[in-house]
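Observations on chain architecture
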Amino acid sequence: MARLPQSYDGVVVTCPVTVPYARYSTEATAWWAGRALAELARASGISHRQMDGFILSSFSTAPDSAVGLTQHLGLSPRLVDFVPLGGMGAVASLRRAARAVQAGDVDVVACIAAETNGIHSFRYGLENFSRFSQDGVYPYSSGGPNVSFALMASQYMAQTGATREDFGKLCVAMRYNALRNPDALMKKPLTLEDYLRARPIAPPIHLFDCVQPCAGADGFLVMREETAKAQGLPFARLAGGIERYNGFPEDPIQLRGGWGMDVDTLYAMAGVTPGDIDVVNTYDDYPFVCMMQFEGLGFCAPGEGAEFVRAHEFTFDGSFPHNTSGGQLSVGQAGCSGGHLGLVEVLRQVTGAAGARQVKGAKLGLVSGFGMINYDRGLGSGAVILAQGSAVE
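An account of the accompanying structure is given in this report. (Residues numbered from 1 in each chain as written. Predicted model: local features only at pLDDT ≥ 70, side-chain atom pairs only at ≥ 80, totals over all residues. Heavy atoms only, no water.)

With that out of the way, let us pick up the overall build of the protein chain. A count of helical and extended segments in the protein chain gives 14 helices and eleven strands. Since a compact globule built from 393 residues should have a radius of gyration of about 21 Å, the 19 Å found for the protein chain is in line with a globular shape. Viewed in the frame of its principal axes, the protein chain has a C-alpha envelope of about 55 × 45 × 40 Å. Here the protein chain holds 393 residues, and the buried ones make up 57% of them. Put simply, the protein chain shows about 15,400 Å² of open surface, and 53% of that area lies on carbon and sulfur atoms. Where the 30 positive side-chain charges of the protein chain centre and where its 37 negative ones centre are 4 Å apart. (Helix = DSSP H or I, 4+ residues; strand = E, 2+ residues; numbered from the N terminus. Rg over C-alpha atoms; globule rule 2.2 N^0.38 Å. Buried < 20%, exposed > 50% of the residue type's maximum accessible area, 1.4 Å probe, protein only. Areas by Shrake-Rupley, 256 points an atom, 1.4 Å probe, with all protein chains shown as cover. Lys, Arg positive; Asp, Glu negative; His and termini not counted. Charge placed at Lys NZ, Arg CZ, Asp CG, Glu CD.)

Next comes the structure, spelled out in structure tokens:
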């Protein structure tokens, strides 16, 4: 293991907000970002004009930019960053914001993911996602990630013995959790039989293995601990964090992400072990990707994801609480907000603000990020551990 990074002492995360998702929207991304910013101001009691850092994660801002939105939203920050990293957006935004606060460059950073979704938005986004996608996927009349992930899922199943029943167990548990989340788009219970009967999309990927594209926004604030205390805000401490891009490039087919290269650093920074974690939110663009993360983050050995799934329940009130909001597979995927969904959920959990889906006694949570697939692999892998600093009274 390399030398441990400096700790994030003195930096806290607070004010998880969600602008409820909608299947389609005629509003621009700036509108969704503005609503999230207003919610952050309301929740914190800090005017948006006093927030001197602004980090935006989005795929749909064009022709606007992050710096352009400072004028739209009435901000005058000392720090602006744009993090169009999809499922890695929250992990990356939090780590950048934390270091800026720690260095004294800024006092309060608003980290927001916002996305609109018109009738043709998803198709336009896929057409222009990457040169790899244009060259390697579109010539075969297959736009988007489903076919690429189907190839990865097939290989994962062949090498590990994972089955569609294993994937279905995760999807059913996430839907169970989502039914306690008023912001989830999916409102109907899901049974394993429903999952197994669903129509194929790109076998072994079937309907309930796929996220629902939508519009929405999520956000949180990063600040010094004394600022949060002065405002009377419940908060979590950032105990550890890792990022890795294009991990294990030698693998001909991606069956692992970059977590395995840095996971020892993650737990060493936090001074904990995988067994200490009370709640886990993985990036769930497909259920087998959750299993890759269970392995890469040390909850089970490489190749043992299927056995791990068969041994646990994954509901908020069962063994190994996982994606307690319902995850993207049941809440929806609002573009880059999909990466923020897990972070705001774990922040709610460790501060005791998760309502009907609260994990009893949750004080330590892990959020992992994954994404930015070109053709044959997701390039971004990361994770953070949040520790309860103060809880909702």
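This part is about helix 14 (residues 337-350). In a regular helix each residue adds 1.5 Å, so 14 residues correspond to 20 Å; helix 14 covers 20 Å between its end C-alpha atoms and thus fits that length. Most of helix 14 is tucked away: 14 of the 14 residues are buried. Taken from the residues just after helix 14, Gly352 is the one with a positive phi, measuring 70°. (Expected span 1.5 Å × (residues − 1).)

Here we take up empty space enclosed by the protein. Scanning all chains against the criterion turns up three cavities of 30 Å³ or more. The volume enclosed by the largest cavity comes to roughly 70 Å³. Around the largest cavity, the lining comprises 14 residues; the ones closest to its centre are Thr282, Tyr283, Asp284, Gly338 and Gly342. Listed by contribution, the elements that provide at least two residues to the lining of the largest cavity are helix 13 (327-331), helix 14 and strand 10 (364-373). Approximately 60 Å³ is the volume attributed to the second largest cavity. Taken together, Thr18, Tyr21, Asn181, Asp183, Ser325, Val331, Leu341, Val344, Glu345, Arg348 and Arg357 make up the full set of residues lining the second largest cavity. Looking at the lining of the second largest cavity element by element, the count peaks at four residues for helix 14. For the lining of the second largest cavity, a count of residues per class yields four nonpolar, three polar and four charged. (1 Å grid on protein atoms, 1.4 Å probe; cavity = no way out; pocket = protein on both sides within 12 Å on 5 of 7 lines; lining within 4 Å. Points joined across faces, edges and corners; volume = space filled by probe spheres on them. Nonpolar A, V, L, I, M, F, W, Y, C, P; charged D, E, K, R; others polar.)

Applying the stated criterion to the full structure yields 15 aromatic pairs. With a centroid separation of 6.1 Å and an interplanar angle of 45°, the aromatic rings of Tyr156 and Phe288 are classed as tilted. With Tyr156 in helix 6 (residues 146-160) and Phe288 in helix 11 (residues 287-296), this residue pair connects regions lying 132 residues apart in the sequence. An aromatic cluster is defined as three or more aromatic residues linked by ring pairs; in this entry it consists of Phe149, Tyr156, Phe167, Trp259, Tyr286, Phe288 and Phe370. (Phe/Tyr/Trp six-rings, centres within 6.5 Å; stacked < 30°, edge-to-face > 60°.)

With that settled, consider the pattern of salt bridges. Under the definition given, this model contains 16 salt bridges. For Glu243, the salt bridge goes to Arg96, with nearest N and O atoms at 2.9 Å. Of this pair, Glu243 sits in strand 8 (residues 235-245) while Arg96 sits in helix 3 (residues 89-103), and the two are 147 residues apart along the sequence. Close ionic contact of Glu225 with Arg237 constitutes a salt bridge, the shortest N to O distance being 2.8 Å. On the criterion of sequence distance, the pair formed by Glu225 in helix 9 (residues 225-231) and Arg237 in strand 8 is long-range, its members being twelve residues apart. Linked through salt bridges whose partners overlap, the residues forming this network are Asp52, Arg78, Asp107, Arg224 and Glu226. (Salt bridge = Lys/Arg side-chain N within 4 Å of Asp/Glu carboxyl O.)

What follows covers the packing of helix 3 against helix 14. Interaxial distance between helix 3 and helix 14 falls to 7 Å at its minimum, and their mutual angle equals 65°. In this structure, helix 3 contributes Gly89, Ala90, Ser93 and Leu94 to the contact, and helix 14 contributes Gly339, His340 and Leu343. Within the contact of helix 3 with helix 14, the residues separate by chemical class into three nonpolar, four polar and no charged. (Axes fitted to C-alpha atoms, helices over the stretch in contact; angles between N-to-C directions. Contact = heavy atoms within 4.5 Å.)

Moving on to helix 10 (residues 259-270). Compared with the 16 Å implied by 1.5 Å per residue over twelve residues, the 15 Å span of helix 10 between its first and last C-alpha is a close match. For helix 10, the full list of buried residues reads Trp259, Asp262, Val263, Thr265, Leu266, Tyr267 and Met269. Here the buried face of helix 10 lies against helix 3, strand 8, helix 11, strand 10 and strand 11 (378-390). Just downstream of helix 10, Gly271 is the residue with a positive phi angle, here 70°.

All right, on to the sheet that holds strand 10 then. Two pairing modes exist for strands in a sheet, parallel and antiparallel, and in both the strands are linked by backbone hydrogen bonds. Reading across from one edge, 3-2-4-7-1-8-11-10-9 is the order of the nine strands in this open sheet, with mixed pairing throughout. Both outer strands of the open sheet, strand 3 (79-82) and strand 9 (279-281), are each paired with one neighbouring strand and no more. Across the sheet, the mean angle from the axis of one strand to that of its neighbour is 20°, orientation sign disregarded. Of the strands in this sheet, strand 2 (53-57) and strand 3 touch helix 2 (residues 66-73), which is tilted by about 120° from strand 2. Running over the sheet, helix 3 touches strand 1 (11-22), strand 2, strand 3, strand 4 (108-115), strand 7 (215-224), strand 8, strand 10 and strand 11 and is turned about 115° from strand 8. (Pairing = 2+ DSSP bridges.)

Both strand 2 and strand 3 contribute to a ladder of four bridges, which runs parallel. Bridge pairing in strand 3 links Ile55 to Asp81.

With that settled, consider the nonpolar core. Counting 52 residues, the largest nonpolar core has Tyr267, Phe288, Phe294 and Leu366 as the members making the most contacts within it. Mapped onto this core, the elements with two or more residues apiece are helix 6, helix 7 (164-178), strand 8, helix 10, helix 11, helix 12 (305-311), strand 10 and strand 11. Not counting chain neighbours up to four residues away, the residues in contact with Phe288 comprise Phe149, Met152, Ala153, Tyr156 and Phe167. (Core = buried A, V, L, I, M, F, W, Y, C linked by side-chain atoms within 4.5 Å.)

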